[in-house]
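Fold and geometry: a report
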Amino acid sequence: MCSINEENLLADTMVATPTLPFKDAVCRKCRIVKAQVLLRKTDPYCRDCFMKYAVHKFRSTLGKARALQHNEHVLLAYSGGLSSGSMIHLIKQGLEASDSNKMKLVIKPSLLHIDEGGILNLPKEERKASADFILEYAKRNCLDVYICSLEYSLAADISGVKLQKNSYEVEPSVYANQLEQLFGSVKSLTAKEDLLLRLKQRLITLLATHLNYPKVFLGPNATRLAGQLLSAVGQGRGAQIAQEIGFADSRTGVVFLRPMREFVDKEVAYLANFLEVDSLCLPTLSSKLGPTASIGRLTEEFVVTLQANFPATISTLFRTSDKLKSNVGVDRSSSEFKDDSRCLLCLSAIEESTLCSASTARSISQTISRSGPSGLNDVESEPYSTNAQQQSAACNANCSNPEKQCCKPMDAGTMKDWSVVLCYGCRVTMEDVKTPELVPINLQEELRLRSRRQMMRQSVEQFLL
């Protein structure tokens, strides 16, 4: 049995790690040079030992996963921040490694920058200045850079996307007003941040596929990912933690890798200082807002506060998240899983709702709270009426007959029924979008087709023995 008394539990366990006196501290690795870095409040390092520690951590993160092949083309997502800038410098050092004890990275990298100035209402001059900084940075590092505006994430396919290589001009886009209206119709900042993440993921996938880059390096560090971990749980994405936070994410067909996931903010700051990384300070959706503005800001503030007093906070969260795996979609065939069982926004497996599931209980509770007890009369025991099933029995999935119930054009009611094509987390996000008809046209078409197929499937099930 536990020998700790309850009244002494808090005093014995919640004790902050004391900070080592840093003045005149000697490096814990070489024990010769005066320390310039203090990590985890107790570990002093000199500059050379810290750089060896950082390079080893970065290369071991890549090596353990065995994710890169010889001479493979890799796209480096560069936002202009310290984390992605440090990642690029470490990759450049690996490409130019002259030490015989270190294996040389043999990859062909290029940079990719997404211009988000459209949703931030930045003037064209500021957007052009940011792009010029990115172009100059790529030129100094002898790398090609591709720049694309976020507006093109609403394009149906790559033919509608304008991608510029080693140059950038801010030009009006046919999707600019659509993107502005879409984000203007979102109620909460939490939903805006999640929608922005999904649209950037979709655009990067389109561009990487078009440019024939099978791997994309992302720059978020451990502090950012730890906040996203708790935020994902709070938004109903617990089944997707392995993809959202893990080293590799292959849901889209293009493999997203996070080589900086082992570095906390403090280590990135030291690394950027020693490598003399130039950074670009760009506003975000949550700039100049308090920590309670969104779930993401709140969870990140919570993690940062804990990490300051308890340095093992982030590593503990990561060790726990690495053990979490989802069993959704494991027993399904690949063709069926590809067609109807993937979320349109995040491409995760869609959880099947049952009469006793948590999502069904939430839906019923939401209906009652919004419409009162009378709303129960509108909740049918079957998702589709008998009349609709009879009409859909003789329907082809591509008949496009507007007179039939199954093939009516998309109205407001149909657009609100995202349960057919979205996972639980994305449904929560889309509930805050007042005008879902502004999403990309191919997503709207897929919603219509999946709704038809589901109606046909339910009508056929009545005749199966």
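So, a few notes on the structure that sits alongside this text.

Reading guide: rules and limits
Residue indices begin from 1 for each chain and proceed along its sequence in written order. Only residues with pLDDT of 70 or above have their local features reported here, since the model is predicted, and side-chain atom pairs are shown and tallied only from 80 upward, although totals for entire chains, interfaces and linings are computed over all residues. Working from all heavy atoms in the structure, the side-chain values ignore hydrogens and water. Here the aromatic set is Phe, Tyr and Trp, taking the six-membered ring for Trp, and pairing holds for ring centres within 6.5 Å; pairs whose planes are under 30 degrees apart are stacked, those over 60 apart are edge-to-face, and all others are tilted. Secondary structure counts use DSSP, requiring at least four H or I residues in a row for a helix and at least two E residues in a row for a strand, with both numbered from the N terminus. Relative accessibility under 20% of the residue-type maximum defines a buried residue, over 50% an exposed one, and the middle range a partly exposed one, all with a 1.4 Å probe and only protein chains included. Remark: a charge is flagged as sitting over a ring if the NZ atom of Lys or the CZ atom of Arg is within 6 Å of the ring centre and within 35 degrees of the ring normal. In the analysis that follows, any N or O atom pair within 3.5 Å is treated as a polar contact, provided that within protein one partner can donate a hydrogen and the other can accept it, and provided that, for residues neighboring in sequence, both atoms belong to side chains. Any two residues whose heavy atoms approach within 4.5 Å are treated as being in contact. Basic side-chain nitrogens of Lys or Arg form a salt bridge, by our definition, when they fall within 4 Å of a carboxyl oxygen of Asp or Glu. Only the contacting stretch of a helix is used when fitting its axis, a line to C-alpha atoms as for every element, and angles between N-to-C directions run 0 to 180 degrees. Here the nonpolar group is Ala, Val, Leu, Ile, Met, Phe, Trp, Tyr, Cys and Pro; Asp, Glu, Lys and Arg are the charged ones; every other residue, Gly included, is treated as polar.

Attention shifts here to the packing of aromatic side chains. Here the structure, examined in full by the defined rule, presents seven aromatic pairs. For the ring pair phenylalanine 50 and tyrosine 53, a centre distance of 6.1 Å and an interplane angle of 40° mean the geometry is tilted. Taken together, the positions of phenylalanine 50 and tyrosine 53, both in helix H2 (residues 47–65) and three residues apart, correspond to about one turn of that helix. Residue phenylalanine 50 shares its accessibility class with tyrosine 53, and that shared class is buried. Consider the rings of tyrosine 152 and tyrosine 175, whose centres lie 6.1 Å apart with planes at 70°: the pair is edge-to-face. Of the two residues, tyrosine 152 sits in the loop between strand E5 (145–149) and strand E6 (164–165) while tyrosine 175 sits in the loop between E6 and helix H5 (176–184), which places them 23 residues apart along the sequence. Just as tyrosine 152 is buried, tyrosine 175 falls in that class too. An aromatic cluster of three or more residues is present, and its members are Tyr45, Phe50, Tyr53, Tyr270 and Phe274. One Lys or Arg, lysine 57, reaches over the ring of phenylalanine 263 and ends 5.3 Å from the middle of that ring.

By secondary structure assignment, the location of lysine 57 is in helix H2. Only 3.2 Å separates the side chain of lysine 57 from the backbone oxygen of glutamate 262, close enough to count as a polar contact. Contacts of lysine 57, omitting those with residues within four sequence positions, involve Glu262, Phe263 and Glu267.

This structure, assessed with the given rule, holds 23 salt bridges. Arginine 40 is the salt-bridge partner of aspartate 43, the closest N and O atoms lying 2.8 Å from each other. Aspartate 43 gets classed as buried once you look at its relative accessible area, which sits at 12%. Residue glutamate 262 pairs with arginine 261 through a salt bridge whose shortest N-O separation is 3.4 Å. Among the residues examined, glutamate 262 registers a relative accessible area of 30% and is labelled partly exposed.

In this section: the packing of H5 against helix H6 (residues 189–211). Two elements in contact, H5 and H6, have axes separated by 10 Å at closest approach and are oriented at 145°. Here Leu179, Leu182 and Phe183 of H5 come into contact with H6, specifically with Lys192, Leu195, Leu196 and Leu199. Of the residues assigned to the contact of H5 with H6, the class counts are six nonpolar, no polar and one charged.

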